[in-house]
Structures are given as C-alpha cells and as structure tokens.
Amino acid sequence: IFSSSKFSPAAIVSLNKLPRLIDLGLSDSTLTGEGLLKLNCLERLESLVVSGMKNVAQPIARLARRNRLRHFTAQDCRLGDTDMVSVGKMNELRTLNIESNSITAKNLSVLLNLPNLNELYLGGNPIEPSGLAVVLKLRAPMIIHMPSTFWNSQTSAAMAKRFGVTNLNSTSYVRLPN
C-alpha cells in the first residue's frame, strides 16, 4: 500500500515487475488516473484503493471491462453519475466504497448489476431519498453506509423493514446481519 507517496516513472516500472500483485492501495498518492493506466497489473487486481486520486474515470472504465475486481475504494476522486455506468459493470465486486464524490440517485440502479456486492459505502455523496427505491432492491444481508442527505423517517422505516437494520445512527450507518 502506497499512501501519500510520490510516484515517479521508476515506481510504475517497479510495480509492473510484480507479476502476482493483486491488491494495490494508492491513497493520496501523486499518481493520477493517467499513471494508473500505465500499470500492467491493473487487469489482475482483485483489490484497488485509489482514494484522493484525480482523473480516474478512464481507469475505472478499463477495470470494468476485466471484471476481476472484488474490492474497490475510490473516495474523494471526483466521481459522478456517469462513472457509475462503469462501476455497474464490475460484477465481481463484493465491497464498493465510493464515499465523498458527486454521485446522486440518478444512476444508482447500476448497483443492481452487482450480484456479489455485500458492502456498499456511499456516505458523503449528494444522494437524496429518491434513491430509496433502488437501495431497497439490493440483496440482503449487506452493510450499507448512506449519506445523511438520504435519511428521513420514510427511508429509515423502509430500510429497517427491508433489511432488518441493526444499527442506524447519526453517521447514517446501517449494518445488516450476516
């Protein structure tokens, strides 16, 4: 895991020499989406963290075509509704953490294309209660973290009824039993 790291072309060459790399964390590094595309291991990855990275739309689209990713975190990467189309093609995902981006309820329905998803983190996105219809169709059990803009008495009651919520607090965290 490379957190707050400065990336040079030599670092990318070094990473490309790791033939069995399947888990890569690049939080708050200087690497951008363009640099990420230079990594040969991208298609082999099962887990990727790119929090704080800029210009990740193109790498996300490339990852979506490979469908090997099981865990994906892209917090604060300026993702929006159009990026959700690519996310919806990552059908092997078990954990998706795309908190603190610009995702709304508009394309949440692509999450229904993720049959293995059992952890979903959407906090810090401007998702309104209108996203409830899609969220209620997600499989259970699941861990779901929705933004505060999502919660009201109607969404809370519906989520409790559908998922058997065991923890709902001020951080808008819902934990569903395994």
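Residues numbered from 1 in each chain as written. Predicted model: local features only at pLDDT ≥ 70, side-chain atom pairs only at ≥ 80, totals over all residues. Heavy atoms only, no water.

## Side note on the environment of N113
Move 1: Relative to the helices and strands, N113 is located in the loop between β4 (95–97) and β5 (119–121).
Move 2: With a relative accessible area of 46%, N113 lands in the partly exposed category.
Move 3: Counting along the chain gives 21 residues from N113 to E92, while the straight-line C-alpha distance between them is 9.8 Å.
Move 4: Each residue touching N113, except ones within four places of it in the same chain, is listed here: G88 and N91. (Helix = DSSP H or I, 4+ residues; strand = E, 2+ residues; numbered from the N terminus. Buried < 20%, exposed > 50% of the residue type's maximum accessible area, 1.4 Å probe, protein only. Contact = heavy atoms within 4.5 Å.)

## Examining the environment of L96
Move 1: Along the polypeptide, L96 turns up in strand β4.
Move 2: In this structure, the C-alpha to C-alpha distance between L96 and H71, residues 25 residues apart in sequence, is 6.1 Å.
Move 3: Setting aside its immediate chain neighbours within four residues, L96 contacts F72, V87, L111, L114, L117, E119, L120 and Y121.

## Some points on the packing of aromatic side chains
Move 1: According to the stated counting rule, one finds 1 aromatic pair in the structure shown.
Move 2: Ring centres 5.1 Å apart and planes at 85 degrees place the aromatic pair F150 and W151 in the edge-to-face group.
Move 3: Using a relative accessible area of 0% as the deciding quantity, one classes F150 as buried. (Phe/Tyr/Trp six-rings, centres within 6.5 Å; stacked < 30°, edge-to-face > 60°.)

## Here we look at unusual backbone geometry
Move 1: You will see that N55, though not glycine, has its phi angle at about 60 degrees, which is positive.
Move 2: One non-glycine residue with positive phi stands out, namely R78, at about 65 degrees.
Move 3: Looking at the element boundaries, R78 is found in the loop between β3 (71–73) and α4 (83–87).

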